[in-house]
Amino acid sequence: MATNKRKVMLPHTMGQAGVNLIKARDDIETVIYPTGIGQAEFLPLLADCAGIALSVTPFRQAEMDASPVMQVVARIGVGYDAVEVPALTARGVPLMVAGTANSTSVAEQAFNLMMALAKKNALLNRLVREGQWHDRHGGLPMELAGKTVLIVGFGRIGTRSAKRCLGFDMTVLIHDPYVDPKAITAAGYEPVSDLDAALPRADFVSIHCPKTPETVGLFNAARLGRMKKGAFIVNTARGGIIDEPALHAALASGHLAGAGLDVFEEEPTPVSNELLKLDTVIASPHMAGFTTEAVAAMAVATARNILSVLDGEPNRDNVINKEVLR
């Protein structure tokens, strides 16, 4: 039977508060789909879809071609490397992200990884559990106070990470070629335009830039080699920004003291990943942006993003390809 309702697809992992916002609309048909859906099953569902929320499901040219009535694509989060933005733009379809909904969560996890590395949490926990209490002086933890951190990317998350580092009496350097240095200085940090020149100064590097052709492999063997001996690197942005074999070599040689990784080039990363065999690596399964609070906030923001477009008043602040707006 024909219906005038517009179809909106939501992944099964979307927070209930956001799902409820969509379901409350009697002019919308809500369809829940599994995040691990294969392309063969996914494409036919898009034929009459007006809006979709994406978790980890890719959305590229093939998906766009299968979506003749699509009006809005929304990411439940802020990263969009699995979305082919030009394909959406060519059709005038906005890509929307969740704004600052999970920014605090990611910033906290980035700082948590820095703290865990500095305080040798994994090692000290193991010493207690394995009855090696008296070996605790073999490698002492360090204080964050007085250390220098280089924040790469000064957007929604980088700004929050910087604030937390400053609160722990660290010297904060900021590298972001797309932010006015005066704005960085006004916020109380030191802008650095030359990434290579800044690396030898930093005890910690925390990555918060998007994954783009410009940033893939940004931290290759040469850049890791320029880092201060004994420094730490943390990545809560996207896998692939750090060259993993190069990172392994820098850690195994002792040039770098440790790495905190929430993201990997391949996800889920295989248990055979050589980085996971190093005691100097602390890993988490791409969970920095997922806390109780962030999941609820991202779901609500995503639902509102979709509805804003369907209602003809898109939330411009959350649109990535603003050129589609009129």
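Data block above holds the structure.
Residues numbered from 1 in each chain as written. Predicted model: local features only at pLDDT ≥ 70, side-chain atom pairs only at ≥ 80, totals over all residues. Heavy atoms only, no water.

(A) Broad picture of the pairing of strand S11 (residues 256–261). Burial analysis of S11 places 5 of its 6 residues in the buried class, the great majority of the element. Where strand S10 (residues 231–235) meets S11, 5 bridges bridge the pair, whose relative direction is parallel. Bridge pairing links Asn235 to Leu261 in S11. Running through helix H11 (residues 244–252), the crossover from S10 to the neighbouring parallel element S11 is right-handed. (Buried < 20%, exposed > 50% of the residue type's maximum accessible area, 1.4 Å probe, protein only. Helix = DSSP H or I, 4+ residues; strand = E, 2+ residues; numbered from the N terminus. Pairing = 2+ DSSP bridges. Right-handed = clockwise from strand over helix to strand, strands pointing away.)

(B) Local environment of the pattern of salt bridges. Within this structure, the stated rule accounts for 11 salt bridges. When the shortest N-O distance is used, the salt bridge between Arg25 and Asp27 registers 2.9 Å. Arg238 is paired through a salt bridge with Asp81; the nearest N and O atoms lie 2.6 Å apart. Of the two residues, Arg238 sits in the loop between S10 and H11 while Asp81 sits in the loop between strand S4 (72–75) and helix H4 (85–91), which places them 157 residues apart along the sequence. Under the relative-accessibility criterion, Asp81 is labelled partly exposed at 37%. When salt bridges that share partners are traced, they join Arg6, Arg25, Asp27 and Asp311 into one network. (Salt bridge = Lys/Arg side-chain N within 4 Å of Asp/Glu carboxyl O.)

(C) Spatial organisation of the environment of Pro213. Relative to the helices and strands, Pro213 resides in the loop between strand S9 (204–207) and helix H10 (221–226). Between the C-alpha atom of Pro213 and that of Ile241, which follows or precedes it by 28 residues, the distance is 9.6 Å.

(D) Spotlight on the nonpolar core. Counting residues in hydrophobic clusters, the biggest one holds 31 residues, and the most contacted among them are Leu150, Val205, Phe219, Ile233 and Leu247. Listed by contribution, the elements that provide at least two residues to this core are strand S6 (148–152), helix H9 (195–198), S9, S10, H11 and S11. Counting residues per element, this core draws most heavily on H11, which supplies 4 residues. Among residues more than four places away in sequence, those in contact with Ile233 are Leu117, Val205, Ile207, Phe219, Leu224, Met227, Ile242, Leu247, Leu256, Gly258, Ala259 and Gly260. Core analysis: the next-biggest nonpolar cluster, separate from the first, contains 25 residues, Leu10, Ile28, Ala74 and Ile76 among them. (Core = buried A, V, L, I, M, F, W, Y, C linked by side-chain atoms within 4.5 Å. Contact = heavy atoms within 4.5 Å.)

All we've got here are geometric facts, nothing functional implied.
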